[in-house]
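Descriptive structure summary
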Amino acid sequence: MPVYTDDALILRTYKLGEADRIVVFLTKERGKKRGVAKGARRARSRFVGTLEPLTRAGVAYYEREQRDLVRINYVEPQQSPLAAVGREGQDAAALGHAEYFAELIDEWAPESHTDERLYRLGASVIDALASNAPVAPLARYFEFWLLRLQGVYPSLARCPDCGGAFDGGAVMPPREHHFVCGRCGPASGGTRVSISALQFLRTAAAASPEGLAGAPLESAASRELETAHRRLIAVHLEKELKSARVLREIARTT
Ligand SMILES: [Zn+2]
């Protein structure tokens, strides 16, 4: 049985039998895998605290012929969303976002097909979350890059209708999934994206998550992008994510 060691992101887990867990994880070298973590639900299991969604870890697993499920030998966390726990006012949002990012990666990662850019995006956002980066700009950054890596982020270069620049902001018209300029957009309705939100995206296109520190994102601009991104994600996934609904509940209660 071949044993593989790799860097990985934990995406989600679910129960198996009495004491085990199935772990879905994205490896850097060999794409998304599902594996059994034997005894992971026992109180003194070596897996305790290592399987939070978006944990970045070194993993070892072996594959069995003709089986989809691999067997996980160990998970050694290098960066965990639990690093954010205990920070005043930040931990619920940070953990909720870690789960949201992990769920999106899980939805988009092809099975057993290497996607190193997706792995690197996830690894960079967990590093930023663990070092206390503000969650809203990080979430907009992650959504923007996730959609770009899938090749479905609409063009921000020029308005597709008139060829003009987006110098007065942009609008995503109702039931359409691209941006047009303010002159070509509908008089009302649609999702409006201000100049400052577009400026943030231009910075995000050329920066690492750490580089966002110099790109302030006001809460109004973040909400505009959140709405536009939710529409894009919904149309490309054809469903709404559970973690996105949880995040809205967290936002309402804090
Ligand atoms: Zn136009």
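Residues numbered from 1 in each chain as written. Predicted model: local features only at pLDDT ≥ 70, side-chain atom pairs only at ≥ 80, totals over all residues. Heavy atoms only, no water.

**Focus: the pairing of strand β5 (residues 69-79)**
Bridge count between strand β3 (residues 31-37) and β5: 3 bridges; the pairing is parallel. Directly across from Val-36, in β5, lies its bridge partner Arg-71. Both strand β4 (residues 56-62) and β5 contribute to a ladder of 7 bridges, which runs antiparallel. If you follow Tyr-61 over to β5, its bridge partner there is Ile-72. Between β4 and β5, which pair antiparallel in sequence order, lie 6 residues; one of them, Gln-66, sits at a positive phi of approximately 65 degrees. (Pairing = 2+ DSSP bridges. Helix = DSSP H or I, 4+ residues; strand = E, 2+ residues; numbered from the N terminus.)

**Some remarks on the coordination of the zinc ion**
In the first shell of the zinc ion, the protein supplies Cys-159 (SG), Cys-162 (SG), Cys-181 (SG) and Cys-184 (SG), at 2.3 to 2.4 Å from the metal. Viewed at the metal, the 4 donor atoms of the zinc ion are separated by angles of 104 to 116 degrees, and the geometry they form is tetrahedral. Sequence spacing of the donors to the zinc ion: C-x2-C-x18-C-x2-C. Remark: Cys-181 occurs in strand β7 (residues 180-181) and Cys-162 occurs in the loop between α3 (135-149) and β6 (170-172); sequence separation between them is 19 residues. Residue classification places Cys-181 among the buried positions, given a relative accessible area of 1%. (Donors = N, O, S within 2.8 Å, 3.2 Å for Na, K, Ca; no water. Tetrahedral: all angles 85-135°; square planar, octahedral: opposite > 155°, others 65-115°. Buried < 20%, exposed > 50% of the residue type's maximum accessible area, 1.4 Å probe, protein only.)

**Considerations on the pattern of salt bridges**
Per the counting criterion, the structure on display carries 11 salt bridges. Between Glu-111 and Arg-34 there is a salt bridge whose closest N-O contact spans 2.8 Å. With a gap of 77 residues between them, Glu-111 in the loop between α1 (91-108) and α2 (116-130) and Arg-34 in strand β3 connect regions that are remote in the sequence. On the accessibility criterion, Arg-34 (26% relative accessible area) is partly exposed. Residue Glu-116 pairs with Arg-120 through a salt bridge whose shortest N-O separation is 3.3 Å. Of the two residues, Glu-116 and Arg-120 are both situated in helix α2; the distance of 4 residues between them amounts to about one turn of the helix. Judged by its relative accessible area of 34%, Glu-116 falls in the partly exposed class. (Salt bridge = Lys/Arg side-chain N within 4 Å of Asp/Glu carboxyl O.)

**Points about the packing of α3 against helix α5 (residues 219-237)**
Following both chains from N to C, one finds α3 and α5 inclined at 35 degrees, their axes separated by 10 Å at the closest point. Classified by chirality, the crossing of α5 by α3 is left-handed. Only Ser-222, Leu-225, Glu-226, His-229, Leu-232 and Ile-233 of α5 make contact with α3, whose side of the interface consists of Ala-136, Arg-140, Glu-143, Phe-144 and Leu-147. Taken together, the residues of the contact of α3 with α5 sort by class into 6 nonpolar, 2 polar and 3 charged. (Axes fitted to C-alpha atoms, helices over the stretch in contact; angles between N-to-C directions. Left-handed = near helix turned anticlockwise from the far one by under 90°. Contact = heavy atoms within 4.5 Å. Nonpolar A, V, L, I, M, F, W, Y, C, P; charged D, E, K, R; others polar.)

**With respect to the sheet that holds strand β1 (residues 3-16)**
With mixed pairing, 5 strands are arranged side by side around a closed barrel as β1-β2-β3-β5-β4. Averaged over all adjacent pairs, the angle separating strand axes in this sheet is 50 degrees, with direction ignored. In the packing of α1 onto the sheet, contacts are made with β1, β2 (20-27) and β3, and the angle to β1 comes to roughly 105 degrees. Of the strands in this sheet, β1, β2, β4 and β5 touch α2, which is tilted by about 70 degrees from β1.

**Observations regarding the packing of helix α4 (residues 195-206) against α5**
A pair of packed helices is captured by two measures, namely the crossing angle of their axes and the spacing between those axes. Relative orientation of the contacting elements α4 and α5 amounts to 70 degrees, with a least axis distance of 8 Å. Relative to α5, the element α4 lies roughly perpendicular. Residues Ser-196, Ala-197, Phe-200 and Leu-201 of α4 touch α5, and the partners they reach there are Ala-221, Glu-224, Leu-225 and His-229. The class makeup of the residues in the contact of α4 with α5 is 5 nonpolar, 2 polar and 1 charged. (Parallel < 35°, antiparallel > 145°, perpendicular 65-115°, else oblique.)

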